[in-house]
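Residue-level structural notes
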Amino acid sequence: MAATKICALDELEVNQAVKVEIDGVAIALVRDAAGDVFAIGDTCTHGDISLSEGFVEGQTLECWAHGSMFSLTTGKPLSLPAYDPVPVYNVELIDGYVFVDPSVTVAV
């Protein structure tokens, strides 16, 4: 599967997560304060909760329901109650646009 064009980079708000779906795969797309863009699985591994509704802090995304924080770079939970990681997808920035390929994971 090829990378899918999601949006223009400047459409992503800093320190906010947005949910996108590519071929049935729910992804939380995040632009952090440094301007880096991350794509991780959108479903909290502790409960069936959308992570994109949570809070971005540094390079983590916190589940709003129970407070598990997931690393945007590794997908690993950094706090309980979650203990399983979420997938992290490859992000490409091309000519000011964000592309994600949900078939290519960089960490799980």
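Per an unreviewed UniProt entry, the protein chain carries the name Non-heme iron oxygenase ferredoxin subunit and comes from Cryobacterium glaciale.

What the protein chain contains, in helices and strands, is 0 helices and 9 strands. Across the protein chain, helices and strands are ordered from the amino to the carboxyl terminus as β-β-β-β-β-β-β-β-β. For 108 residues, the compact-globule estimate of 2.2 N^0.38 gives 13 Å, and the C-alpha radius of gyration of the protein chain, at 13 Å, lies within 12% of that figure. By principal-axis analysis of the C-alpha atoms, the protein chain measures approximately 40 × 30 × 20 Å. Excluding contacts between residues fewer than 6 apart, the proportion of contacts in the protein chain whose partners are at least 24 apart in sequence is 36%. Per element, the accessible surface of the protein chain, about 5,600 Å² overall, is 49% carbon and sulfur.

Moving on: the pattern of salt bridges. Under the counting rule described, the total for this entry stands at 1 salt bridge. Across the salt bridge formed by aspartate 42 and lysine 19, the nearest N and O atoms sit 3.9 Å from each other. Of this pair, aspartate 42 sits in the loop between strand E4 (37-41) and strand E5 (55-57) while lysine 19 is found in strand E2 (residues 16-22), placing the two residues 23 residues apart along the sequence. Taking relative accessible area as the criterion, aspartate 42 reaches 2% and is therefore assigned buried.

Our next topic: the UniProt feature "domain: Rieske" (unreviewed entry) in the protein chain. UniProt's entry tags residues 4-100 with the feature "domain: Rieske" (unreviewed entry), counted in the numbering of this structure. Counted over residues 4-100, helix gives 0% and strand 45%. Its end C-alpha atoms are 5 Å apart.

Time to look at the pairing of E4. Burial analysis of E4 places 5 of its 5 residues in the buried class, the great majority of the element. Inspection of the sheet shows strand E3 (residues 25-31) paired to E4 by 5 bridges, in the antiparallel sense. Among the inter-strand pairings, arginine 31 is bridged to a residue of E4, identified as valine 37. Across 2 bridges, the pairing between E4 and strand E8 (residues 88-94) is antiparallel. When the bridges of E8 are listed, isoleucine 40 appears paired with valine 88.

A few words now on the sheet that holds E5. With respect to topology, 3 strands assemble into an open sheet ordered E5-E6-E7, the strand pairing being antiparallel. This sheet does not close on itself; its edge strands, each paired only once, are E5 and strand E7 (69-71). Mean inter-strand twist for the sheet, computed between neighbouring axes without regard to direction, equals 30°. Here strand E6 (residues 60-62) pairs with E7 via 3 bridges, running antiparallel. Residue glutamate 62 lies in a different strand from E7, and its bridge partner there is methionine 69.

Cut-off values and rules
Residues numbered from 1 in each chain as written. Predicted model: local features only at pLDDT ≥ 70, side-chain atom pairs only at ≥ 80, totals over all residues. Heavy atoms only, no water. Helix = DSSP H or I, 4+ residues; strand = E, 2+ residues; numbered from the N terminus. Rg over C-alpha atoms; globule rule 2.2 N^0.38 Å. Contact = heavy atoms within 4.5 Å. Areas by Shrake-Rupley, 256 points an atom, 1.4 Å probe, with all protein chains shown as cover. Salt bridge = Lys/Arg side-chain N within 4 Å of Asp/Glu carboxyl O. Buried < 20%, exposed > 50% of the residue type's maximum accessible area, 1.4 Å probe, protein only. UniProt positions renumbered as here; feature names shortened; annotations may be inferred. Pairing = 2+ DSSP bridges. Axes fitted to C-alpha atoms, helices over the stretch in contact; angles between N-to-C directions.

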